Amino acid sequence: MLIDNITKEKIPYVNIWIENENIGTTSNEKGEFSLEINDTKIILFSAIGFETKKISSDSIKNFLELKSLITELDEVIIDSRKSTQELIIGKFQKSKINHYFGVGIKPWITARFFKYDNRYNQTPFLKKITLLTRSDVKDSKFNIRLYSVNENGKPENYIYEKNIIGIAKKGKKTTEIDISGLNIEFPEKGFFIAIEWLIIQNNKYEYDYTIEGSRKNLKGISYEPAIGTVPAETDQNSWIYTQGKWRKVRKNVGTNKNYEEKYSLMAIELTLTN
């Protein structure tokens with residue numbers, strides 16, 4: 001079980017990986033997790049608001065503490081003014097999207113970079129994140145991480161140090177997450193919106209499938225939801241976190257003509273306000 005080293009509270013939705021391997025899981029709402037390995041490995045634990053921890057698998061006991069990040073936050077002044085202006089960036093058309101990011105039994109994170117523009121000066125606050133989701137189960141959960149950008153253009157350091165849990169209804173839906181109450185200003189260096197899949201029982205979907213040329217029925221597992229993507233000419237703004245490392249998204253091959261030889265970028269609309 002994963003707990004906070006100070007409060008001793010359980011830590012839900014921790015991303016857990018075997019270092020340099022494509023094997024991992026997620027802690028559940030109670031901070032519990034299970035990971036089957038045969039040999040001694042280095043395990044990475046990554047959670048918003050906590051230092052990333054590396055530990056040998058043979059050192060893990062019933063309780064494992066993660067160290068809270070101590071950060072100095074700027075003073076936030078909240079007044080009673082109502083927002084009078086809005087700006088939507090990253091608009092997408094639901095009907096034109098038929099390509100998705102999704103996961104099987106391995107957790108991963110995908111991130112989209114939003115560059116700052118001077119026209120955002122009139123609407124500097126983040127109000128709402130809108131995604132295209134497709135889920136085969138009812139009310140699947142996903143986590144949103146907001147990252148700053150480092151000198152190499154990669155996601156690094158959180159600009160908000162708590163989980164933002166989104167819920168995707170069953171089917172192909174436009175899913176909105178209201179973040180207006182967080183009082184986050186659009187960083188002048190830009191920032192990343194990252195979606196983290198949660199390998200938890202509530203998100204598990206089992207299905208039957210066959211391989212072309214065979215009549216044998218096979219069993220498959222996915223963890224919902226899938227996140228819609230739009231085609232992009234470059235990989236500049238799309239990153240994937242897997243095997244404990246960030247890398248650029250790879251070019252699509254063997255897919256439909258709209259996405260072939262292009263890069264997938266998460267379909268995200270971001271609403272800004274004053």
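Values in this document were obtained by computation on a predicted structure and should not be read as measured data.

*Asks:* How should I be thinking about the pairing of strand β10 (residues 125-135) in this particular structure?
*Replies:* The side chains of a regular strand alternate, residue by residue, between the two faces of the sheet. Of the pairings in the sheet, the one linking β10 to strand β21 (residues 268-273) comprises six bridges and is antiparallel in character. Residue Leu126 lies in a different strand from β21, and its bridge partner there is Leu272. Both β10 and strand β14 (residues 171-178) contribute to a ladder of eight bridges, which runs antiparallel. Considered in β14, the bridge of Leu132 is made with Thr174. As judged from the two bridges shared by β10 and strand β17 (residues 218-232), these two strands associate in the antiparallel manner.

*Asks:* What am I meant to see in a positive patch on the surface here?
*Replies:* A cluster of like positive charges, contributed by Lys94, Arg134, Lys138, Lys169, Lys172 and Lys173, occupies part of the molecular surface. Positionally, Lys94 belongs in the loop between β7 (86-89) and β8 (100-103).

*Asks:* Whenever I open this one, the sheet that holds strand β4 (residues 42-46) confuses me. Can you help?
*Replies:* Strand pairs in the sheet, formed through backbone hydrogen bonds, run parallel or antiparallel to each other. In space, the four strands of this open sheet follow the order β3-β2-β4-β5, with antiparallel pairing throughout. Edge positions in the sheet fall to β3 (24-26) and β5 (53-56), since each of these pairs with one other strand and no more. Going from strand to strand, the sheet's axes swing by 20° on average, the running direction of each strand aside.

*Asks:* What is the right way to read the pairing of β17 from this model?
*Replies:* As judged from the three bridges shared by β8 and β17, these two strands associate in the antiparallel manner. Bridging across to β17, Phe101 finds its partner in Ile227. By the bridge criterion, six bridges tie strand β16 (residues 204-209) to β17 in an arrangement that is antiparallel. Within the sheet, the bridge partner assigned to Tyr209 lies in β17 and is Leu218. In terms of strand pairing, β17 meets strand β20 (residues 263-266) through four bridges, oriented antiparallel. Bridging from a neighbouring strand, Ala232 pairs with Tyr263 of β20.

*Asks:* What's the story with the side chain of Asn252 in this structure? I'm lost.
*Replies:* Within the element layout of this structure, Asn252 appears in the loop between β19 (245-248) and β20. A polar atom in the side chain of Asn252 sits 3.0 Å from the side chain of Ser264. The contacts of Asn252, once residues within four sequence positions are left out, are His99, Tyr259, Glu260, Glu261, Lys262, Tyr263 and Ser264.

*Asks:* Looking at this structure, I do not really get the environment of Thr130. What am I missing?
*Replies:* Mapped onto the elements of the fold, Thr130 is located in strand β10. We classify Thr130 as buried; its relative accessible area is 4%. Separated by 67 residues in the primary sequence, Thr130 and Trp197 have C-alpha atoms spaced 16 Å apart. Every residue in contact with Thr130, bar those within four places of it in the chain, is listed here: Phe92, Thr174, Thr175, Glu176, Ala267, Ile268 and Glu269.

*Asks:* Sorry, what's going on with the pattern of salt bridges here?
*Replies:* Any two side chains of opposite charge can pair, on the condition that their charged atoms come close. All chains considered together, the criterion is met by 11 salt bridges. Here Asp117 makes a salt bridge to Arg119, at a shortest N to O gap of 3.8 Å. We classify Arg119 as partly exposed; its relative accessible area is 49%. Residue Asp235 pairs with Lys248 through a salt bridge whose shortest N-O separation is 3.6 Å. In this pair, Asp235 sits in the loop between β17 and β18 (238-242) while Lys248 sits in strand β19, placing the two residues 13 residues apart along the sequence. Take Asp235: its relative accessible area is 24%, and that puts it in the partly exposed class. On the accessibility criterion, Lys248 (30% relative accessible area) is partly exposed.

Each value, and the rule that gives it
- Residues numbered from 1 in each chain as written.
- Predicted model: local features only at pLDDT ≥ 70, side-chain atom pairs only at ≥ 80, totals over all residues.
- Heavy atoms only, no water.
- Pairing = 2+ DSSP bridges.
- Helix = DSSP H or I, 4+ residues; strand = E, 2+ residues; numbered from the N terminus.
- Patch = residues over 30% accessible without salt bridge, like charges linked within 9 Å, V, L, I, M, F, W, Y side chains within 5 Å.
- Areas by Shrake-Rupley, 256 points an atom, 1.4 Å probe, with all protein chains shown as cover.
- Salt bridge = Lys/Arg side-chain N within 4 Å of Asp/Glu carboxyl O.
- Lys, Arg positive; Asp, Glu negative; His and termini not counted.
- Charge placed at Lys NZ, Arg CZ, Asp CG, Glu CD.
- Axes fitted to C-alpha atoms, helices over the stretch in contact; angles between N-to-C directions.
- Polar contact = N/O pair within 3.5 Å; in protein donor to acceptor, adjacent residues only side chain to side chain.
- Contact = heavy atoms within 4.5 Å.
- Buried < 20%, exposed > 50% of the residue type's maximum accessible area, 1.4 Å probe, protein only.

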